[in-house]
Amino acid sequence: MENTLRDKIITLDTLKDSLLNNHCLEGKSELGSARIKFSQMAPYIVLCQHSGTFISENIVKKMSVSSDIRSYETDMYLDQLCNEQPIEIIAVHSRYEFDTNRFEKGCIYSKPSLAWGVKVYNETLNQDEISTIISKYREFYTYINLIITSIIDKYGVCVIYDLHSFNETHPDRLNKDLPLINLGTMAQNTEK
């Protein structure tokens with residue numbers, strides 16, 4: 001039954017109604033860019049942008065990177081940490097199809113400089129493929145925007161817990177004293 005709930009399509013109107021009336025829901029956005037779970041209104045959301053591994057069939061055929069290489073930069077199983085939170089948003093797609101943690105202009109790893117020097121594609125994506133990917137990227141943020149706006153309307157503030165993980169085997173991190181938890185507050189307005 002859990003998989004059935006996760007596969008249920010959530011429209012923006014359905015999500016808006018659930019947020020306004022505090023109705024539980026769980027499923028995927030219309031284009032499938034996000035998995036959303038809402039159990040009750042709260043002044044925060046938990047967001048996982050890099051635990052998704054799905055890649056559209058036509059896109060993965062054009063990729064030069066193996067699933068092992070893709071996994072290296074994926075926050076595997078991190079979405080399981082946000083289980084049982086009042087509001088959860090999980091990016092479904094692999095960051096190798098589109099990275100929701102980047103601005104739209106750089107969300108597709110079209111050149112190695114956007115992907116840690118890794119050449120992601122053997123073939124150039126056509127305009128239809130790019131447009132479809134950008135639509136999914138925009139959809140992801142449309143759903144998030146609706147949730148954040150609803151929370152701010154109710155509480156006056158919204159805290160976003162954007163979960164990421166360290167890959168301790170990365171060459172830049174070997175033999176370094178890494179934190180177990182990094183709150184990542186350097187870019188925050190601490191006065192506010």
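So, a few notes on the structure that sits alongside this text. What you see is a predicted model, and the numbers here were worked out from it, not measured in a lab. (Residues numbered from 1 in each chain as written. Predicted model: local features only at pLDDT ≥ 70, side-chain atom pairs only at ≥ 80, totals over all residues. Heavy atoms only, no water.)

## Remarks on the overall build of the chain
Going by this rule: Helix and strand definitions here come from DSSP, where helices need a minimum of 4 consecutive H or I residues and strands a minimum of 2 consecutive E residues; each element is numbered from the N-terminal end. Only protein chains enter the area calculation, which uses a 1.4 Å probe; residues under 20% of their type maximum are buried, those over 50% are exposed, and those in between are partly exposed. In what follows, residue pairs with any heavy atoms lying within 4.5 Å of each other are defined as contacts. For accessible areas, the Shrake-Rupley method is used with a probe of radius 1.4 Å. Any residue's cover is judged against the shown protein chains and nothing else.
A tally of helices and strands in the chain yields five helices and six strands. Going residue by residue from the N terminus, the α and β elements of the chain occur as α-β-α-β-β-β-α-α-β-α-β. In the chain, buried positions account for 41% of the 192 residues. Across the chain, contacts joining residues at least 24 apart in sequence account for 70% of those joining residues at least 6 apart. If you sum the accessible surface of the chain, you get close to 11,800 Å²; carbon and sulfur atoms cover 51% of it.

## Focus: a nonpolar patch on the surface
Note the cut-off: In this scheme, patches are assembled from residues that exceed 30% relative accessible area and form no salt bridge. Like charges are connected within 9 Å, while nonpolar side chains (Val, Leu, Ile, Met, Phe, Trp, Tyr) are connected within 5 Å. The term salt bridge refers to a side-chain nitrogen of Lys or Arg lying within 4 Å of a carboxyl oxygen of Asp or Glu.
A cluster of nonpolar side chains, namely Tyr155, Val157, Val159 and Tyr161, defines an oily patch on the protein surface of about 350 Å² accessible area. With respect to the helices, strands and loops of the structure, Tyr155 is situated in helix α5 (residues 127–155).

## With respect to the sheet that holds strand β2 (residues 25–29)
Across a sheet, paired strands are connected by hydrogen bonds in the backbone, their directions being either parallel or antiparallel. We count it as follows: Any two strands with at least two DSSP bridges between them are considered paired.
Spatial strand order, β1-β2-β3-β5-β4-β6: six strands in an open sheet with mixed pairing. Every interior strand has two partners, whereas the edge strands, β1 (9–10) and β6 (159–163), have only one. Taken together, the five bridges between strand β4 (residues 44–48) and β6 define a ladder with parallel strand orientation. Bridging across to β6, Val46 finds its partner in Tyr161.

## Considerations on helix α2 (residues 12–21)
Inclusion rule: What the arc measures is the spread of directions leading from the helix axis to the C-beta atoms.
Buried within α2 we find Leu15, Ser18 and Leu19. Relative to the axis of α2, the buried residues are bounded by an arc of 95 degrees and lie together on one face. Residues of α2 that are exposed and point more than 90 degrees away from the buried face comprise Asp13 and Leu20. Once α2 finishes, Asn22 follows within two positions and takes phi at roughly 55 degrees, a positive value.

## Topic: the pattern of salt bridges
Counted by the stated rule, this structure contains seven salt bridges. Between Asp99 and Arg95 there is a salt bridge whose closest N-O contact spans 3.4 Å. For Asp99, a relative accessible area of 0% corresponds to the buried category. Accessibility expressed as a relative area gives 11% for Arg95, which makes it buried. Across the pair Arg102 and Asp99 runs a salt bridge whose closest N-O atoms are separated by 3.6 Å. What makes Arg102 partly exposed here is its relative accessible area of 24%.

## Some details on the nonpolar core
Threshold: Buried residues of nine kinds, namely Ala, Val, Leu, Ile, Met, Phe, Trp, Tyr and Cys, make up a nonpolar core once their side-chain atoms join them within 4.5 Å.
Leu15, Ile36, Ile89 and Ile147 are the most contacted members of the largest nonpolar core, which has 21 residues in total. Elements that contribute at least two residues to this core include exactly α2, β3 (34–38), β4, β5 (87–91) and α5. When residues of this core are assigned to their parent elements, the largest contribution, seven residues, is made by α5. When residues no more than four places from it in sequence are discounted, the contact partners of Ile147 are Leu15, Leu19, Ile36, Ile45, Ile87 and Ile89. Counting 17 residues, the second largest nonpolar core, distinct from the first, contains Ile55, Leu114, Leu125 and Tyr137.

## Re the packing of α2 against α5
Helix-helix packing: each pair is described by the crossing angle between the helix axes and the interaxial distance. Our working definition: Only the stretch in contact is used when fitting a helix axis, every axis being a line fitted to C-alpha atoms; angles between N-to-C directions are given from 0 to 180 degrees. An angle below 35 degrees is treated as roughly parallel, one above 145 as roughly antiparallel, one from 65 to 115 as roughly perpendicular, and anything else as oblique. If you view the pair so one helix is near and one far, a crossing is left-handed when the near helix is turned anticlockwise from the far one by less than a right angle, and right-handed when it is turned clockwise. Under this grouping Gly is polar, as are all residues other than the nonpolar Ala, Val, Leu, Ile, Met, Phe, Trp, Tyr, Cys and Pro and the charged Asp, Glu, Lys and Arg.
It is the contact of α2 with α5, at a shortest axis distance of 10 Å, that shows an interaxial angle of 20 degrees. Classified by the interaxial angle, the pair formed by α2 and α5 is roughly parallel. Seen from above, α2 lies across α5 with right-handed handedness. When α2 is examined against α5, the residues Leu12, Leu15, Lys16 and Leu19 are found in contact with a partner set consisting of Thr142, Tyr143, Leu146, Ile147 and Ser150. Of the residues in the contact of α2 with α5, the class split is six nonpolar, two polar and one charged.

## Thoughts on the packing of aromatic side chains
We count it as follows: Classification of ring pairs rests on two measures: the distance between centres of Phe, Tyr or Trp rings, Trp counted by its six-membered ring, which must be within 6.5 Å, and the angle between planes, read as stacked under 30 degrees, edge-to-face over 60 and tilted in between.
Applying the stated criterion across every chain yields a total of six aromatic pairs. Residues Phe140 and Tyr141 carry aromatic rings whose centres are separated by 5.3 Å and whose planes lie at 85 degrees to one another, so their mutual orientation is edge-to-face. A residue is classified by how much of its surface remains accessible, and Phe140, at 0% relative accessible area, is buried. Look at Tyr141 and you get partly exposed, because its relative accessible area is 32%.

No statement about biological role is implied by the geometric values presented.
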